Amino acid sequence: MTDKSSVLSWRHYLELCKPRVVALIVFTAIVGMLLAVPGWPPFGNFFYGTLGIGLAASSAAAINHFIDQIADGQMARTKNRPLPTGDLNSQNVLLFAGIIGSIAMAVLIIKVNALTAFLTFLSLIGYAVIYTVYLKKMTPQNIVIGGIAGAAPPLLGWTAITGEIHHHALLLVLIIFVWTPPHFWALAIARREEYAKVSIPMLPVTHGVEFTRLQILLYTILLLITTLLPYLTGMSGLIYLISAVLLGLGFLYYAVQMMRKKDNKTAMRTFGYSIVYLMLIFAALLIDHYFPLSLS
């Protein structure tokens, strides 16, 4: 018979890892790995690269829980996290984050390559420390400046296979970097009262909702243009191009709807679509890579 407390503890530690967020991070990293070579990547680099990047992202998420625990306890959407509820204490969380972070670095250094380990460590520090400790509470452009850390996974995946930084990998980083502001600001609009309550200067709190909606629209237009670059540079073909245009127009539709409708429901729908959008556009890159459309 399974002990109930041990099951609950297991679930609490899993929650520290922000599994849905990490799943998206790992997915984009895997796409970077698969796009890095014409055929299938070496299994060892693929497996250990995925493991190391996933563990590092989970460690960063746990550190984020630790740093944000006071604010989390005051916000409706985060008040039931393990630290605010007292299910775990700070020592538990830091020990857990340290262990899985150390394992991640060891796996990447020993089984993958030093470049991937170094870039992954920079990404971890960028999100868990620079963004969470400083940028998040310092400037309404926090998600823009700090977005580079969250955009790194495709590059990490690419370097895990090739051991080098390639301009095609940087295009993948650029797509996520431009995607991040309209994605997160849609959520910030819907949760602006909670952010204001804990004095986090998200854009809709400092500059108002109307200004933020306009920024979402402008960034969405920029995103549509940015996603054309893989095709224009010869990285991808027609399958990706068609997908990028259709998905981009879909995102643009939601951005326009946010300008027309002033309710939180539309903002949350935009936020939800943005997640699906990123998954599908990276899936399109993958499909185009292995099953290119030939017009000859």
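Per chain, the residues get numbers from 1 upward, laid out in the order the sequence is written. It should be noted that, the model being predicted, local features are given only for residues of pLDDT at least 70 and side-chain atom pairs only at 80 or more, the latter also being counted only at that level, while totals for whole chains, interfaces and linings use all residues. With hydrogens and water excluded, all non-hydrogen atoms of the structure serve as input to the side-chain values.

Observations concerning the side chain of glutamine 215
Then, in step 1: Each helix is a run of H or I in the DSSP string that is no shorter than four residues. Each strand is a run of E no shorter than two, and both are numbered from the N terminus. Position of glutamine 215 among the secondary structure elements: in helix H14 (residues 209-226).
Then, in step 2: Here's how the labels work: a residue is buried when its accessible area is under 20% of the maximum for its type, exposed when over 50%, partly exposed in between, all with a 1.4 Å probe on protein chains only. Since its relative accessible area comes to 18%, glutamine 215 is described here as buried.
Then, in step 3: In contact with glutamine 215, not counting residues within four places along its chain, are Trp185 and Leu203. We call two residues contacting when some pair of their heavy atoms lies within 4.5 Å.

Concerning the nonpolar core
Then, in step 1: The biggest cluster of nonpolar side chains holds 84 residues, and the ones touching the most others in it are Leu35, Trp179, Tyr277, Ile281 and Phe282.
Then, in step 2: Looking at which element gives the most residues to this core, the answer is helix H11 (residues 167-190), with 15 residues.
Then, in step 3: Excluding residues that lie within four positions of it along the chain, leucine 35 makes contacts with Trp158, Leu172, Met235, Leu285, Leu286 and His289. Among buried residues, those of type Ala, Val, Leu, Ile, Met, Phe, Trp, Tyr and Cys that are joined through side-chain atoms within 4.5 Å constitute a nonpolar core.

A closer look at helix H10 (residues 153-162)
Then, in step 1: Most of H10 sits out of view: nine of its 10 residues are buried.
Then, in step 2: Those residues of H10 that fall on the buried side of the exposure criterion are Pro153, Pro154, Leu155, Leu156, Gly157, Trp158, Thr159, Ala160 and Ile161.
Then, in step 3: Downstream of H10 by a residue or two, glycine 163 has a phi angle that is positive, lying close to 75°.

Some details on the packing of helix H3 (residues 43-67) against H10
Then, in step 1: Axis separation between H3 and H10 bottoms out at 9 Å; the angle between their running directions is 145°. As H3 runs across H10, the sense of the crossing is right-handed. Of the residues in H10, those in contact with Asn45, Phe46, Gly49 and Ile53 of H3 are Leu156, Gly157, Ala160 and Ile161.
Then, in step 2: Three classes are used: nonpolar for Ala, Val, Leu, Ile, Met, Phe, Trp, Tyr, Cys and Pro, charged for Asp, Glu, Lys and Arg, and polar for all others, with Gly counted as polar. Considering only residue class, the contact of H3 with H10 consists of five nonpolar, three polar and no charged. Simply put, an axis is a line fit to the C-alpha atoms, just over the touching stretch for a helix, and the angle between two N-to-C directions goes from 0 to 180 degrees. Two helices crossing with the near one rotated counterclockwise from the far one by less than a right angle form a left-handed crossing, whereas a clockwise rotation gives a right-handed crossing.

Some details on a nonpolar patch on the surface
Then, in step 1: Each patch is built from salt-bridge-free residues with over 30% relative accessible area, joining like charges within 9 Å and nonpolar side chains (Val, Leu, Ile, Met, Phe, Trp, Tyr) within 5 Å. With residues, only the protein chains shown are counted as cover, and all accessible areas are computed by Shrake-Rupley using a 1.4 Å probe. Here a salt bridge means any side-chain nitrogen of Lys or Arg lying within 4 Å of a carboxyl oxygen belonging to Asp or Glu. Residues Val129, Ile130, Val133, Tyr134 and Met138 make up a contiguous nonpolar surface patch of about 450 Å² in total accessible area.
Then, in step 2: Position of methionine 138 among the secondary structure elements: in helix H7 (residues 114-138).
Then, in step 3: When its relative accessible area of 57% is taken as the criterion, methionine 138 is described as exposed.

Describing the environment of aspartate 72
Then, in step 1: Checked against the element boundaries, aspartate 72 lands in helix H4 (residues 69-74).
Then, in step 2: The exposure class of aspartate 72 is buried, given its relative accessible area of 4%.
Then, in step 3: Along the sequence, aspartate 72 and leucine 83 sit 11 residues apart, while their C-alpha atoms lie 8.5 Å from each other.
Then, in step 4: Leaving out residues up to four positions away in the same chain, aspartate 72 has contacts with His65, Thr78, Lys79, Arg81 and Pro84.
Then, in step 5: Definition of a polar contact: a pair of N or O atoms within 3.5 Å, with one able to donate and the other able to accept a hydrogen when the atoms are protein atoms, and with sequence-neighbouring residues admitted only if both atoms are side-chain atoms. Within the structure, the side chain of aspartate 72 is placed 3.1 Å from the side chain of arginine 81, a separation counted as a polar contact.

Notes on the packing of helix H2 (residues 19-35) against helix H17 (residues 264-290)
Then, in step 1: Relative to each other, H2 and H17 sit at 20°, their axes nearing to 10 Å. The angle between H2 and H17 places the two elements in the roughly parallel class. The two elements H2 and H17 meet at a crossing, and its hand is left-handed. Mapping the contact onto sequence places Leu24, Phe27, Thr28, Val31, Leu34 and Leu35 in H2 and Ile275, Leu278, Met279, Phe282, Ala283, Leu285, Leu286, His289 and Tyr290 in H17.
Then, in step 2: Each residue belonging to the contact of H2 with H17 can be placed in one class, and the counts come to 13 nonpolar, two polar and no charged. Convention used here: angles under 35 degrees read as roughly parallel, angles over 145 as roughly antiparallel, angles from 65 to 115 as roughly perpendicular, and any remaining angle as oblique.

Some thoughts on the confidence of the model for the protein
The predicted structure's coordinates, where accompanied by low pLDDT, should not be read in detail.
Then, in step 1: pLDDT expresses how confident the predictor is about each individual residue, on a scale running from 0 to 100. In the predicted model, the protein carries a mean pLDDT of 93, and the fraction of residues at 70 or more is 97%.
Then, in step 2: Predicted confidence is poor over residues 1-7, with pLDDT under 50, and the contacts of this stretch with residues over four places away or in other chains come to one contact.

Description of the environment of glycine 101
Then, in step 1: Structurally, the position occupied by glycine 101 is in helix H6 (residues 90-112).
Then, in step 2: Distance from glycine 101 to leucine 280, taken between C-alpha atoms, is 29 Å for residues 179 residues apart in sequence.

Looking at the packing of aromatic side chains
Then, in step 1: When two rings of Phe, Tyr or Trp (its six-membered ring) have centres within 6.5 Å they constitute a pair, described as stacked for plane angles under 30 degrees, edge-to-face for angles over 60, and tilted for the intermediate range. The final tally for this structure, using the stated rule, is 11 aromatic pairs.
Then, in step 2: Consider the rings of phenylalanine 251 and tyrosine 277, whose centres lie 5.2 Å apart with planes at 65°: the pair is edge-to-face. Placement of phenylalanine 251 in helix H16 (residues 238-260) and of tyrosine 277 in helix H17 is noted, with a sequence separation of 26 residues between them. The burial state of phenylalanine 251 is the same as that of tyrosine 277; both residues are buried.
Then, in step 3: Members of the aromatic cluster, connected to one another through ring pairs, are Phe251, Tyr253, Tyr254, Tyr273 and Tyr277.

A closer look at a positive patch on the surface
Then, in step 1: Note that His is not counted, nor are the chain ends; the positive residues are Lys and Arg, and the negative ones are Asp and Glu. By convention, the point assigned to a charge is CZ for Arg, NZ for Lys, CD for Glu and CG for Asp. Among the surface-exposed residues, Arg260, Lys261, Lys265 and Arg269 lie close enough to one another that they form a single positively charged patch.
Then, in step 2: By secondary structure assignment, the location of lysine 261 is in the loop between H16 and H17.

A look at the pattern of salt bridges
Then, in step 1: In total, this model carries four salt bridges according to the counting rule given.
Then, in step 2: Where glutamate 210 meets arginine 213, a salt bridge forms, and the shortest distance between an N and an O atom there is 2.9 Å. Of this pair, glutamate 210 and arginine 213 both sit in helix H14, three residues apart, roughly one helical turn.
Then, in step 3: Overall, the relative accessible area of 3% leaves arginine 213 in the buried class.
Then, in step 4: One salt-bridge network, held together by shared partners, links Glu210, Arg213 and Lys262.

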